[in-house]
Amino acid sequence: MSKLVAFAAIQGGYKVVSTAEGQFRNAMESFNADSKIEFPNTGYYLPVIYSLTGMKVEKLEDLAKPLAFARGLLPPHVKGKNHLPYLGPLLDAGMAAIFGYEILEALRILRQPDFYMPGEEPDLENGKLWLGPADDVILRKRGVEFVDGSAPGFAAIVGACPDPETAKMIVEDYQKKNLYIFCAANHNGTSVVEQLVEAGVQVGWNTRIVPFGPDISSAVFALGFANRAAMAFGGVQPGDYKKILHYNKDRVFAFVNAFGDIGTEWGTAAAGCVNWGFPTLADTDIPEILPTGICTYEHVVANVSHEEICQRSVEVRGLKVQVTEIDIPCSFGPAFEGERVRGADLYCQMGGGKTQAVELVKKAEMSEIEDGKVTVVGKDVGDLKEGETLPLGIYVQVAGREMQTDFEPILERQIHHLINYIQGVMHIGQRDIAWIRVGKAGVEKGFTIKDIGVVLHAKFHQDFGKILDKVQVTLYTDKKDVDELTARARGEYKTRDERVENMTDEDVEIYYSCTLCQSFAPNHVCSVSPERTGLCGAYNWMDCKASFEINPTGPNQPIEKGECIDPVMGQWKGVNDFVFKASRGAVTHYNFYSMVVDPMTTCGCCEAIAAMLPSCNGVMTVNRDYTGETPCGMKFTTLAGVMGGGASSPGFVGHSKFNVTQKKFITGDGGLLRMVWMPKSLKEELKDRLIKRGEELGVPGLYDMIADETVGITEEEILPFLQEKGHPALTMDSIIK
Ligand code: SF4
Ligand code: ZN
């Protein structure tokens, strides 16, 4: 913060308090000392003074006390040799000025009782534009909106824009965000609200554009309104200034836009507003007050262009954008989540082995992306004939001051159920094995790929507004772009997976639950430990931990693992108790490290399913992307259909691809050395890690001993291969317990 702004604000404080003192003396000469002082039809005396100090001003002579108080707040003048920080004295000077302004307005009403137009609407025909302080009827009607959230707060606008069109553009932007627009003060002989009237905009409380008054002092009505609301609806006691100011900072999203030259009088008002946590954004080159502390973020930001000021104000104040409407042609909601798009209803599809489909959420810088921008690069549904397919890359960029890279997987995992919420559209899988099926009914309603972006933008704001401020979605349907995004996404997935690489289950006392999939598989509870990632592959222990931080009542709850019942099979009392409750009694216990004995439950999202192969004394696993036959006699889809309902099915278990090479993978059944068959593509995908694990387990050639579909797709076909290679599973204890 610069010395200059401190100087201006402190000078301003002196000026305002002195002016108020002068006018008070004059009034005491021309009016009786017991003349009534009030804002008409209000029950809170002079509300800023009353709320912050408890002083009740009822008569003219009562003004002496708050005036003396304001004088006492004024800090010593800034001298050349003083050093930073100036924030404390600056805030006091600003507060003194706010008291001064409220007294000046009270004296004006004493002298000119009809200066302000009573009620909600101006009377433009009779030249009565200014409404002055809101009466209690308006407060009751409107103030409650600040409390119930239907109005997040207000933009206090002082001064005038270069022209009426600019004023209209800015104010309409604020209206769209459901904010009230409180207008005060003029600049070059006009004001924003006069410019709005000129541009044909309706002003008044009904359109949320409130013309308070022509002078900067009338800006105090905005603060008085906020403080009255805090007393009336927030239960804050008069005089409890700390609570009042905190209440406003935390609950009322308000800020000041200053249009025009900011002299000492505006400067001190801006400093005053900082006490409430309301920052000022100006269109001129004034000295900034950037360090944060009192306001949520910066205090005074200068030189903001008119195009940007709305978005910047909202960012600086930390206001969360409310997207209430999801503008797509199809119905939308959890009711449609479980709806399937079967063969006969299918119009077109993306992914699912027919084409590549991939999903990636990445954090971006605030300046890098544009909120709400949704772009489809390539063909859309309208360009397709029935039965055709498209590749699809869903690339979501999110930015926010609270956003962390750790949150990316959590947001990404939402894509699954959010797309499923669209009526007539079905989503399966995640990451680079996503699959979207669009039904004829969806296409008839007008569904396009763009709607996916509209949904993700709106729902991310609604559900994760706490951590993000901007969401931009790009949907690629050209093969080249999708392949590029897939390659990049795989790199990201790898980094995410490896975040738990060096952690062990013994390292932690807390595991996490995941019940995100209960809408499809009602009894299903994933328990996620460092060495057992979620079976969808999208959630590991770190992700669940981050998800719990964002949403403490959400689907990822910490589980105190408690007493260890079986260290080999991986069973803990705390987990059993949790699972029993979370499955509503359907599942009493399960093992983390066994697929043979009481394995964990499986839902339809699993990346891969392992199955026992008794004749080979081993196990196989098959991933979703492999569509062929397997030695257990079932294709992936059949297995998923049988196992995916949320039950524990001994002999089978759903797991993530990464889990295959995690150290605890089915250790209760002999571990990775049991693995006798995998699809070639999965083997190749995991190659480096499989080789490394084989070496660690003392079987360096394990990778080459695992059969794939080129060797055979029945137990009989692969057994000779295993014997020839000397696969370790053949000499292990019997897998049948
Ligand atoms: Fe959560 Fe498990 Fe579903 Fe993944 S599969 S989202 S970890 S419940
Ligand atoms: Zn699932």
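For every chain, the first residue of the written sequence is number 1, and numbering continues from 1 onward in sequence order. Going through the entries in the order they are written, you letter the chains from A and number the ligands from 1. Residue-level local features of this predicted model are given only where pLDDT is at least 70; pairs of side-chain atoms are given and counted only at 80 or more, and the full residue set underlies all totals for whole chains, interfaces and linings. To get the side-chain values, take all heavy atoms of the structure and skip hydrogens and water.

K.L.:
What am I meant to see in the overall build of the chain here?
P.N.:
Counting from the N terminus, the helices are DSSP H or I runs at least four residues long and the strands are E runs at least two residues long. Scanning the chain from N- to C-terminus turns up 22 helices and 23 strands. Here the C-alpha coordinates of the chain stretch approximately 115 × 60 × 50 Å along the principal axes. By residue count, 58% of the 737 residues in the chain fall in the buried class. With residues, only the protein chains shown are counted as cover, and all accessible areas are computed by Shrake-Rupley using a 1.4 Å probe. For the chain, the exposed area adds up to about 28800 Å²; of that, 51% sits on carbon and sulfur atoms. With a 1.4 Å probe rolled over the protein chains alone, any residue whose accessible area is under 20% of its type maximum counts as buried; one over 50% counts as exposed, and the rest are partly exposed.

K.L.:
Looking at this structure, how should I read the site of ligand 1?
P.N.:
Definition of nearness: a residue and a molecule or strand are near each other if at least one heavy atom of the residue lies within 4 Å of the molecule or strand. Taken together, the neighbourhood of ligand 1 is formed by Arg413, Cys514, Leu516, Cys517, His524, Cys526, Gly534, Leu535, Cys536, Tyr539 and Cys603. Counted by class, the shell around ligand 1 contains eight nonpolar, two polar and one charged residues. Residue polarity is assigned by list, with Asp, Glu, Lys and Arg as charged and Ala, Val, Leu, Ile, Met, Phe, Trp, Tyr, Cys and Pro as nonpolar; anything else, Gly included, falls into the polar class.

K.L.:
How should the sheet that holds strand S5 (residues 280-282) be read in this particular structure?
P.N.:
Strand pairs in the sheet, formed through backbone hydrogen bonds, run parallel or antiparallel to each other. On the basis of which strands lie adjacent, the open sheet formed by six strands has the order S3-S2-S1-S4-S5-S6 and parallel pairing. With partners counted over all chains shown, the strands left at the sheet margins are strand S3 (209-213) and strand S6 (300-301), one partner each. Any two strands are treated as partners once DSSP identifies two or more bridges connecting them. When strand S4 (residues 253-259) meets S5, the two strands line up parallel, connected through three bridges. Residue pairing across strands places Asn257 opposite Leu281, the latter belonging to S5. It only takes one pair of heavy atoms within 4.5 Å for two residues to be counted as in contact. Note on definitions: angles span 0 to 180 degrees between N-to-C directions of axes, and those axes are lines fitted to C-alpha atoms, for helices only across the stretch in contact. Against the sheet, helix H10 (residues 264-274) makes contact with strand S1 (153-159), S4 and S5, and its axis sits at roughly 170 degrees relative to S4, the strand it touches most.

K.L.:
So what exactly am I meant to see when it comes to the coordination of the zinc ion (ligand 2) here?
P.N.:
For the zinc ion (ligand 2), the full set of protein donor atoms is Cys517 (SG), Cys603 (SG) and Cys605 (SG), at a range of 2.1 to 2.2 Å. Coordinating donors are taken to be N, O and S atoms lying within 2.8 Å of the metal, or within 3.2 Å when the metal is Na, K or Ca; because water is excluded from the atom set, some sites may appear incomplete. Expressed as a motif, the donor residue spacing for the zinc ion (ligand 2) is C-x85-C-x1-C. Of this pair, Cys517 sits in the loop between strand S15 (510-514) and strand S16 (526-528) while Cys605 is found in the loop between helix H17 (573-582) and strand S20 (608-613), placing the two residues 88 residues apart along the sequence. Judged on exposure class, the residue Cys517 and its partner Cys605 are both buried.

K.L.:
How should the packing of aromatic side chains be read in this particular structure?
P.N.:
Stacked, edge-to-face and tilted are the three classes for Phe, Tyr and Trp ring pairs, Trp counted by its six-membered ring, which pair at centre distances within 6.5 Å; planes under 30 degrees apart are stacked, over 60 edge-to-face, the rest tilted. Summed over the entire model, instances satisfying the criterion amount to 30 aromatic pairs. Ring geometry for Phe146 against Phe225: centres 5.6 Å apart, planes inclined by 75 degrees, an arrangement best described as edge-to-face. One end of the pair, Phe146, is in helix H5 (residues 136-148); the other, Phe225, is in helix H8 (residues 220-234), and 79 residues separate them in sequence. For a Lys NZ or an Arg CZ to count as sitting over a ring, it must be within 6 Å of the ring centre and within 35 degrees of the ring normal. One Lys or Arg, Arg108, reaches over the ring of Phe115 and ends 4.2 Å from the middle of that ring. Positioned above the aromatic ring of Tyr703 is the side chain of Lys683, whose terminal nitrogen or guanidinium carbon lies 4.7 Å from the ring centre.

K.L.:
Got a minute to help me understand the pairing of strand S11 (residues 392-399) in this structure?
P.N.:
Side-chain direction in a regular strand flips from residue to residue, so the side chains alternate between the two faces of the sheet. Burial analysis of S11 places eight of its eight residues in the buried class, the great majority of the element. Of the two faces of S11, the one lined by Leu392, Ile394, Val396 and Val398 and the one lined by Gly393, Tyr395, Gln397 and Ala399 are each fully buried. Bridge count between strand S8 (residues 357-363) and S11: seven bridges; the pairing is parallel. If you follow Ala357 over to S11, its bridge partner there is Leu392. Taken together, the seven bridges between S11 and strand S14 (residues 470-476) define a ladder with antiparallel strand orientation.

K.L.:
Sorry if this is basic, but what is going on with the sheet that holds strand S17 (residues 558-560) here?
P.N.:
Reading across from one edge, S16-S15-S17 is the order of the three strands in this open sheet, with antiparallel pairing throughout. The sheet is open, and its two borders are formed by S16 and S17, each paired with just one other strand. When strand polarity is set aside, the average angle formed by the axes of neighbouring strands in this sheet is 40 degrees. The pairing of S15 with S16 spans three bridges and is antiparallel. From the neighbouring strand, Cys514 faces S16, where its bridge partner is Cys526. On the sheet, helix H16 (residues 541-550) packs against S15, S16 and S17 and is oriented at approximately 75 degrees with respect to S15. In this fold H17 packs onto S15, S16 and S17, with an angle of close to 130 degrees to the strand it touches most, S17.

K.L.:
What exactly am I supposed to notice about the nonpolar core here?
P.N.:
For soluble globular proteins, nonpolar side chains are generally found buried alongside one another. The biggest cluster of nonpolar side chains holds 108 residues, and the ones touching the most others in it are Phe154, Tyr174, Phe182 and Trp205. When residues in this core are grouped by element, the largest group, 13 residues, is from helix H4 (residues 87-111). Setting aside its immediate chain neighbours within four residues, Tyr174 contacts Ala155, Ile157, Leu179, Ile181, Phe255, Asn257, Ile309, Cys310 and Ser313. In plain words, nonpolar cores are sets of buried Ala, Val, Leu, Ile, Met, Phe, Trp, Tyr and Cys residues tied together by side-chain atoms within 4.5 Å.

K.L.:
I tried to follow H4 on my own but got confused; where do I start?
P.N.:
Residues lying three or four places apart along an α-helix face the same way, a consequence of the helix completing one turn every 3.6 residues. A rise of 1.5 Å per residue sets the reference length of H4, with its 25 residues, at 36 Å; its end C-alpha atoms lie 36 Å apart and thus fit the reference within 8%. Counting buried positions along H4 yields 20 of 25 residues, so the element is predominantly enclosed. One less than the number of residues in a helix, times 1.5 Å, gives the span that helix is expected to have.

K.L.:
Explanation requested: the packing of H4 against H10 in the structure shown.
P.N.:
Helix-helix packing: each pair is described by the crossing angle between the helix axes and the interaxial distance. Two elements in contact, H4 and H10, have axes whose closest approach is 7 Å; the angle formed by their N-to-C orientations is 105 degrees. By the angle between their axes, H4 is roughly perpendicular relative to H10. Residue-level contacts link Leu90, Leu91, Ala93, Gly94, Met95, Ala97, Ile98 and Tyr101 of H4 to Glu265, Thr268, Ala269, Ala271, Gly272 and Val274 of H10. Of the residues in the contact of H4 with H10, the class split is 10 nonpolar, three polar and one charged. Reported orientations rely on four angle classes, namely roughly parallel under 35 degrees, roughly antiparallel over 145, roughly perpendicular from 65 to 115, and oblique for the rest.

K.L.:
Would you explain the pairing of S14 in this entry?
P.N.:
The buried fraction of S14 amounts to seven of the seven residues, a majority that puts the element mostly inside the structure. Where burial is concerned, the two faces of S14 agree: the one with Lys470, Gln472, Thr474 and Tyr476 and the one with Val471, Val473 and Leu475 are both buried.

K.L.:
Would you mind going over the domain arrangement of the chain with me for this structure?
P.N.:
Often the size quoted for an interface is simply the accessible area lost on bringing the parts together. The domain architecture assigned to the chain consists of domain 1 (334-498) and domain 2 (505-731). Segment limits for the domains were obtained from an automatic or database-derived domain assignment. Domain 1 and domain 2 are separated by 27 Å when their C-alpha centres are compared. The interface is formed by 23 residues belonging to domain 1 together with 21 residues belonging to domain 2. Summed over both partners, the interface of domain 1 with domain 2 comes to about 2000 Å²; 60% of that surface belongs to carbon and sulfur atoms. The largest per-residue losses of area from domain 1 upon contact with domain 2 belong to Ile410, Arg413 and Ile433, which jointly make up 28% of the total buried on that side. Residues adjacent in sequence count toward polar contacts only when both atoms are side-chain atoms; beyond that, a polar contact is any pair of N or O atoms within 3.5 Å, and within protein one must be able to donate a hydrogen and the other to accept it. In this structure, the connection of domain 1 to domain 2 is made through five residue pairs in polar contact (both at pLDDT 80 or more). Broken down by secondary-structure element, the contributors of at least two residues to the side of domain 1 that touches domain 2 are helix H12 (408-420) and helix H15 (479-498). Among the elements that line the side of domain 1 that touches domain 2, the one with the most residues is H12, at six residues. Two parts lose some accessible area (1.4 Å probe) when they are put together, and adding that loss for both gives the buried area.

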